[in-house]
Amino acid sequence: MVIVMADSLADKKLGTYTVKEIKSACNKLYNLGIVPGARITVISNDRGPIIVRVGNCKLAMGRGMARSIIVE
Amino acid sequence: MSKNQKIVGLTGQPNVGKTTLFNALTGMSQRIGNWPGVTVEKKEGILKYKDTEFNIVDLPGIYSLKSDSLDQKIARDFIIENEDSILVDVIDTNNINRNLYLTLQLIELGRSPIVCLNFIDEVEKHDVKLDEKKLSEKLGGLPVIKTSARYKIGIEDLKEAIYNYKPISCEIKYSELLENAIEKIVDKLDEYLTNIDEKFKKVPKRYLALSFLEGDPEVVELFKKNGELLSHANRIKEEIEREIKHDVESYVVEQRYKKADEILKGIWTESIVYDDIDKILLHPIYGFVIFAFIMYILYSFVIGVGDIFIEYIEMFFEYLGGYVGGIVPEPYTGVVVDGIIGGVGGVLVFFPYIAFMMLSLAILEDCGYLSRVTALFHKMMAKIGLSGGSTIPIMVSFGCAVPGLMATRSISDPMKRLITILVAPLAPCAARFVVIGFMATAFFSQYANLFALSILLISLSLMGIIAYLISKFIVKGKPEEPIFELPPYRLPDWNYILKRTWAYSKSFLKRAGTIILAGSILFYYLLNYPNPDNSYGMMLGKMLESITLLMGIDWRGALALIFGIIAKELVVSTLEIAYNGNIVGALTPLKAFVLTLVTVVYIPCLATVATLHYETNNLKWTLFAVGYNLALATTLGIVAYNIGRLLGFS
């Protein structure tokens, strides 16, 4: 169960953040380079999926998944 | 395989341009098959360079070597089993830090891959310099080659590197904490590991220890078979977890990324390019509007250009029929001209549609738009038990279900893939549009569009309902947390696009030359023997009449439906022949509507059924698909006919 946290990626405005913690053990996130310490840039967090950039790679993810990524 | 032929494995993450590189290395000498026992495509090709022949194997695109997905397991097994092979690790240089993750794992496995920095043109365009000599040094001396498969840069260098390849031993060390844990496990490995699979005898002990800590399912299974080893390793795992205060699995992953960053330090600077177009393309309103617009252009293109070719193909077959009719001896004229040329020609006429549809999709895919479509549709598709990845196979199925089913291979979740395979044939394909189009003009002149639209809407709703029911009651799977990679937009690579278009179109031509040819001959004999007025076909149709009459369809319609199994467009030609060219006088609009509906929904054509069996590799699911379609069509036909009658139609 994912608990909504104030500082999850889902609530962040455009900008670059550092991943602090990942709430769900998800291989998919690890595979795409989303690990604690990684830099992640929110490109769009409006309607539809959240679009982020990790390194030079653009990703689109659902809100549920974005909520499990804690950033600062 | 000849003695001096060497095996080269191409490995790399998804979207690194591996396939283009494979094409550049192997040219035309490619064989496409399957990995043993599974329907994951295996591509092999020959590279002849100087005096040596290399057998190049394109391994599935994988993020890591962890054995928790089918693709990754296939790749890892290949790498372990072919310990003498040369590995080429293809890297998308734009994402080099993430891609090095796999390189590190190959090194852990005791291999020394040739590192191939692909898309180097894109990186250098942004003025980013990458020192390949330093990278090679930091990777313990691995050969590093810069390439751009698209623009044929560095291909000769890569061939030379493959030719000169000599394995070296290189080792990458992680943090002291992790290395100590690995060492402690390795220390006891010889003593405790007694029950070991043949496969794992070939891998370094360090790899086994590290994979255990990472939670690799197969390696954990191996440890479980050796009780003492498992408890020893678990103790070490707990020790390290107390130290780092979180799970060791993610610690191993973090360590690899950290190493990759360390390697790149000073030799690579990240350039961040912003573009906002995806914000619009993935927008829940604008995104769909743009999608609809692109689809409109696509279908206009396919139908507009296709029609020009179709006219010529029709003319050609007409001419051929006349010419052959003049030279074939009298008793065979019927079967050759009306049977073979008429039947096969009638189907081949659709070839331009299929080819242009495949071409358009290949272009959209190669530019990067299709991955946006996947992300855009995911939410909607998830509601009916499918996933974003099902969108493209279903779209392709509107052209032809055969390539549509083949396109499901890109769906990573096997459950979602199965459901997509089961429902995609419900999309009215080009052949069914022929039936719809014919009936529309023959019976509903004024309301032709309305008629076509209603058939389309009914079949799409059925697809949604069936997918939902199957996912709810038959193929249950966990809902997938969506995350999609959006590769950068790129100019199309025409070489790759044409190859792909041809590969898909070929399967259509093949079936025209085999199944449909055989079907056409059979069809001719059934309708004309023992004599045209009392043929076997008529008897067969009359046997089914008792069921089809419930939906207002007589034996002629039943017969047409039987032939429609060979290829749906045969429904029209059978009706033409069975009613002596006067369908309009013989059917009422209601009956025409019901017949069209049944034609669209019942058993998919033979070629689709064959593909369904090939893709699921399972007879039970194939029979299920055929059975539910048949039951659905029968029910729907009876219900529609009787509702129509109640409403006062005849």
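These figures come from a predicted structure and were not determined experimentally.

Asks: Whenever I open this one, the packing of aromatic side chains confuses me. Can you help?
Replies: The geometry of an aromatic ring pair is captured by the separation of the ring centres together with the interplanar angle, meaning the angle of the planes. All names here are of chain B. All told, the structure shown has 14 aromatic pairs over all chains when counted by the stated rule. On the numbers, 4.4 Å between centres and 10° between planes, the contact of F212 with F223 is stacked. With F212 in helix α8 (residues 205-214) and F223 in helix α9 (residues 217-224), this residue pair connects regions lying eleven residues apart in the sequence. By relative accessible area, which is 0% here, F223 ends up buried. An aromatic cluster is defined as three or more aromatic residues linked by ring pairs; in this entry it consists of F443, F444, F451 and F593. Residue placement shows K542 over the ring face of W555; its charged tip is 5.4 Å from the ring centre. The positively charged end of K620 is found above the aromatic ring belonging to W621, 5.2 Å away from the centroid.

Asks: Before we go on, may I ask you to explain the sheet that holds strand β5 (residues 69-71) of chain A in this structure?
Replies: Sheet strands associate in pairs through backbone hydrogen bonding, adopting either a parallel or an antiparallel arrangement. Pairing is antiparallel across the open sheet formed by six strands, whose spatial order is β5(A)-β1(A)-β2(A)-β3(A)-β4(A)-β8(B). Unpaired on one side and paired on the other, β5 of chain A together with β8 (483-486) of chain B mark the two borders of the sheet. Strand-to-strand twist in this sheet, taken as the mean axis angle between neighbours without regard to direction, amounts to 40°. For strand β1 (residues 15-22) of chain A and strand β2 (residues 39-44) of chain A, the ladder comprises four bridges, and the chain directions are antiparallel. Bridge assignment links A:T18 to a residue of β2(A), and that residue is A:R39. Strands β4 (57-61) of chain A together with β8 of chain B of the sheet are contacted by helix α16 (residues 369-383) of chain B, whose axis makes an angle of about 155° with β8(B).

Asks: How should the interface of chain A and chain B be read in this particular structure?
Replies: How big an interface is tends to be expressed through the accessible area that disappears when the partners come together. In this assembly, 31 residues from chain A lie in contact with 34 residues from chain B. Counting the surface lost from both chain A and chain B, the interface buries some 2,900 Å², and carbon and sulfur atoms represent 56% of this. When the buried surface of chain A facing chain B is broken down by residue, A:N31, A:N56 and A:K58 rank first, second and third, together holding 23% of it. Where chain A meets chain B, there are one salt bridge. Among the ionic pairs, A:K58 bridges to B:D278, the shortest N-O distance being 2.4 Å. At the surface where chain A touches chain B, the tally comes to nine residue pairs in polar contact (both at pLDDT 80 or more). When contributions to the side of chain A that touches chain B are tallied by element, the ones reaching two or more residues are α1 (27-31), β2, β3 (50-54), β4 and α2 (63-67) of chain A. The residue makeup of the side of chain A that touches chain B, split by class, is 16 nonpolar, eleven polar and four charged.

Rules used in this analysis
- Residues numbered from 1 in each chain as written.
- Chains lettered and ligands numbered in written order.
- Predicted model: local features only at pLDDT ≥ 70, side-chain atom pairs only at ≥ 80, totals over all residues.
- Heavy atoms only, no water.
- Phe/Tyr/Trp six-rings, centres within 6.5 Å; stacked < 30°, edge-to-face > 60°.
- Helix = DSSP H or I, 4+ residues; strand = E, 2+ residues; numbered from the N terminus.
- Buried < 20%, exposed > 50% of the residue type's maximum accessible area, 1.4 Å probe, protein only.
- Lys NZ or Arg CZ within 6 Å of the ring centre and 35° of its normal.
- Pairing = 2+ DSSP bridges.
- Axes fitted to C-alpha atoms, helices over the stretch in contact; angles between N-to-C directions.
- Contact = heavy atoms within 4.5 Å.
- Buried area = accessible area lost by both parts, 1.4 Å probe.
- Salt bridge = Lys/Arg side-chain N within 4 Å of Asp/Glu carboxyl O.
- Polar contact = N/O pair within 3.5 Å; in protein donor to acceptor, adjacent residues only side chain to side chain.
- Nonpolar A, V, L, I, M, F, W, Y, C, P; charged D, E, K, R; others polar.

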